[in-house]
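The lines below spell out each chain.
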Amino acid sequence: MRYRHDEWPSALAIVIGVLLVGCDQPSMERQPKYETFEAAPGWPHGQSAREPVPGTIAHDDTLKPIPDTQPQELDAALLDRGQQRYDIFCSPCHDRTGHGNGMVVQRGFPAPPTFHSERLRNAPLQHVVDVITNGFGVMYPYRDRVPVEDRWAIAAYIQALQLSQHTSVDDLPPAQRSELERASTGDTRREGNQ
Ligand code: HEC
């Protein structure tokens, strides 16, 4: 086969192209690297995903330090805020009463433990704040969606939920106690509303 003169450049390009295909040098495109979440036996815990260096600040992190005690006064406004945030962010799994049977769970997500167990009733508020911040087991963290103040508000509201399911009559203020006693001793005017 003979090439015309004006065909030489393209013939040469084809030959060079074929030769280059044979080269398998590392390059920006082909280089030894870990895929996301790939196992890496040489690293601690065998994971290629590394923890950020202590003190690392993500560009969208709030620069306020995370307080390790209740930062605000625990009042009705804080509980209202906690209830609203809880219903938005937590109830899909933990359900509105904290028994752990939210809609997402009914559709197949692993069921969380009930908040009404002895262990979680006795857990400090800080535990819930930590779970929201860092996640827990299969529950992923909510630190990017729930600001620090709201974490405390939610934790306080969960404690209110726990009280709602586990309170002795003796803990009620006298006015409510006598109302309850009246209701249980024959004043049945409100029964129709139950
Ligand atoms: C997508 C579902 C889901 C959502 C939404 C969710 N959780 Fe969870 N949560 C779980 C599951 C599942 C567990 C159990 C995880 C495990 O044991 O592996 C859990 C566990 C917990 C625990 C118990 C930790 C312990 O000591 O046993 C707390 C407290 C908690 N979640 C709080 C929250 C709060 C507060 C929110 C809202 C900001 C929230 N969760 C939102 C699924 C969820």
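Residues numbered from 1 in each chain as written. Predicted model: local features only at pLDDT ≥ 70, side-chain atom pairs only at ≥ 80, totals over all residues. Heavy atoms only, no water.

By the naming in an unreviewed UniProt entry, the protein chain goes by Cytochrome c domain-containing protein and is assigned to Litchfieldella anticariensis.

Once that is clear, we can look at the site of the ligand. In the neighbourhood of the ligand, 23 residues make up the surrounding shell, with C90, C93, H94, H127 and M139 lying closest. Here a nitrogen atom of the ligand sits 2.7 Å away from a polar atom, N or O, in the side chain of H94. Here an oxygen atom of the ligand and a backbone polar atom of V138 are 3.1 Å apart. Counting residues per element, the ones that place at least two in the shell around the ligand are α3 (91–94), α5 (118–122), α6 (125–134) and α7 (148–165). Here the shell around the ligand gets four residues from one element, more than from any other, and that element is α6. Split by residue class, the shell around the ligand holds 19 nonpolar, three polar and one charged. (Near = heavy atom within 4 Å. Polar contact = N/O pair within 3.5 Å; in protein donor to acceptor, adjacent residues only side chain to side chain. Helix = DSSP H or I, 4+ residues; strand = E, 2+ residues; numbered from the N terminus. Nonpolar A, V, L, I, M, F, W, Y, C, P; charged D, E, K, R; others polar.)

A separate point is the nonpolar core. Nonpolar side chains in soluble globular proteins generally cluster together in the buried interior. Grouped together as the largest cluster of nonpolar side chains are 18 residues, with contacts concentrated most on Y86, I132, I154 and I158. Mapped by element, the contributors of at least two residues to this core are α6 and α7. Ranked by the residues each element gives to this core, the list is headed by α7, at seven residues. (Core = buried A, V, L, I, M, F, W, Y, C linked by side-chain atoms within 4.5 Å. Buried < 20%, exposed > 50% of the residue type's maximum accessible area, 1.4 Å probe, protein only.)

What follows is about the coordination of the iron atom of the ligand. Ideal geometry at a metal centre gives angles of 109.5 degrees when four donors are arranged tetrahedrally and 90 or 180 degrees when six donors are arranged octahedrally. In this structure, H94 (NE2) and M139 (SD) serve as the protein donors to the iron atom of the ligand, at separations of 2.0 to 2.2 Å. Of note is the iron atom of the ligand, whose six donor atoms meet at the metal with angles of 85 to 179° in an arrangement that counts as octahedral. Highlighted residues: H94 in helix α3 and M139 in the loop between α6 and α7, separated in sequence by 45 residues. Of the residues examined, H94 reaches a relative accessible area of 10% and is grouped as buried. (Donors = N, O, S within 2.8 Å, 3.2 Å for Na, K, Ca; no water. Tetrahedral: all angles 85-135°; square planar, octahedral: opposite > 155°, others 65-115°.)

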